Amino acid sequence: MMSLYLIILFAVAIGLFYLAYRLLKAEKDVALEILRYIFVVILSYLAVCAIIAALGYVIPTSRGLANFF
């Protein structure tokens, strides 16, 4: 199971390096579009985390949503 996380982390790292390369080579408008999409993804991720945390308080279990995963 640990090797799956390692593969995922390497894929994310390669994707981030590629994104950094594209931002360096991109024109100003393209770079702003890419940054806008990154910002939207980060905000969506935070929203999902907030929903999961809120459900952890609503579901009366000792471990919150951890029982479902």
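Before any of the text, the structure's been laid out above.
Predicted model only: the values in this text are computed from it and were never measured.

**Q** Can you lay out the overall build of the chain for me, pointing to particular residues and giving the numbers?
**A** When helices and strands are tallied, the chain shows two helices and zero strands. For the chain, buried positions account for 6% of its 69 residues. Looking at the chain as shown, the accessible area adds up to about 6400 Å², and 76% of this sits on carbon and sulfur atoms.

**Q** With reference to specific residues and values, describe a nonpolar patch on the surface.
**A** Taken together, the side chains of Phe-39, Ile-42, Leu-43, Tyr-45 and Leu-46 define a hydrophobic patch exposed on the protein surface, amounting to about 540 Å² of accessible area. On the secondary structure map, Leu-46 appears in helix α2 (residues 28–58).

So, how was this worked out
- Residues numbered from 1 in each chain as written.
- Predicted model: local features only at pLDDT ≥ 70, side-chain atom pairs only at ≥ 80, totals over all residues.
- Heavy atoms only, no water.
- Helix = DSSP H or I, 4+ residues; strand = E, 2+ residues; numbered from the N terminus.
- Buried < 20%, exposed > 50% of the residue type's maximum accessible area, 1.4 Å probe, protein only.
- Areas by Shrake-Rupley, 256 points an atom, 1.4 Å probe, with all protein chains shown as cover.
- Patch = residues over 30% accessible without salt bridge, like charges linked within 9 Å, V, L, I, M, F, W, Y side chains within 5 Å.
- Salt bridge = Lys/Arg side-chain N within 4 Å of Asp/Glu carboxyl O.

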